[in-house]
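These are the residues of each chain, in order.
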Amino acid sequence: MARDSRAKSAELLTVRQVLDELGGVSRRTFYRWRELRIAPACIRLPNGELRVRRDVLNDWLEERAEGAAS
């Protein structure tokens, strides 16, 4: 079971999957966030495509939750 949770946290999401998880944020907005360095950290694959680790996205969302402890 611990292996399953590790595999889930290490899951690599495509930009499209991240946009869907964020409730339909536009691709343009996501890339603007990257320019401003406020997007979740991405991994650039050798073919140039971007991926976001599931655990990185979850942590990024937690940091932005209203009322989150600072």
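Above this text sits the structure in question.
Think of each chain on its own: its residues are numbered from 1, step by step along the sequence as written. The predicted origin of the model limits local features to residues at a pLDDT of at least 70 and limits the giving and counting of side-chain atom pairs to 80 or more, whereas totals for whole chains, interfaces and linings rest on all residues. Note that the side-chain values use all heavy atoms of the structure and ignore hydrogens as well as water.

Undergrad: Hey, could you run me through the overall build of the protein chain in this one?
TA: Secondary structure assignment for the protein chain yields 4 helices and 3 strands. Only DSSP runs of H or I with at least four residues qualify as helices, and only runs of E with at least two residues qualify as strands; both kinds are numbered from the N terminus onward. For the protein chain, the N- to C-terminal ordering of α and β elements is α-β-α-α-β-β-α. Relative accessibility under 20% of the residue-type maximum defines a buried residue, over 50% an exposed one, and the middle range a partly exposed one, all with a 1.4 Å probe and only protein chains included. When burial is assessed residue by residue, the protein chain has 21% of its 70 residues classed as buried. Whether two residues are in contact is decided by their heavy atoms, any of which lying within 4.5 Å being enough. Counted over contacts in the protein chain with a minimum sequence separation of 6, partners at least 24 positions apart contribute 42%. Note on areas: Shrake-Rupley, 1.4 Å probe, and residue coverage restricted to the protein chains presented here. Carbon and sulfur atoms make up 48% of the accessible area of the protein chain, which totals about 5400 Å².

Undergrad: What am I meant to see in the nonpolar core here?
TA: Here the nonpolar core consists of buried residues drawn from Ala, Val, Leu, Ile, Met, Phe, Trp, Tyr and Cys, with membership extended through side-chain atoms lying within 4.5 Å. Counting 12 residues, the largest nonpolar core is built from Leu13, Val15, Val18, Leu19, Leu22, Val25, Phe30, Ala39, Leu50, Val52, Leu57 and Trp60. Per element, the largest residue contribution to this core is 3 residues, and it comes from helix α2 (residues 15-21). When sequence neighbours within four positions are dropped, the list of residues in contact with valine 52 reads Glu11, Leu12, Leu13, Val18, Phe30, Pro40, Ala41, Cys42 and Leu57.

Undergrad: When you look at the packing of aromatic side chains in this model, what are you seeing that I'm missing?
TA: Two aromatic rings, taken as a pair, are described by how far apart their centres are and by the angle between their planes. Any pair of Phe, Tyr and Trp rings, taking the six-membered ring for Trp, is counted once the centres come within 6.5 Å. Such a pair is stacked with planes under 30 degrees apart, edge-to-face with planes over 60 apart, and tilted for the rest. Taken as a whole and assessed by the stated rule, the structure comprises 2 aromatic pairs. Measuring from centroid to centroid gives 5.7 Å for phenylalanine 30 and tyrosine 31, while their planes differ by 90°, and the two rings are edge-to-face. Among the residues examined, phenylalanine 30 registers a relative accessible area of 0% and is labelled buried. Judged by relative accessible area, which is 32%, tyrosine 31 ranks as partly exposed.

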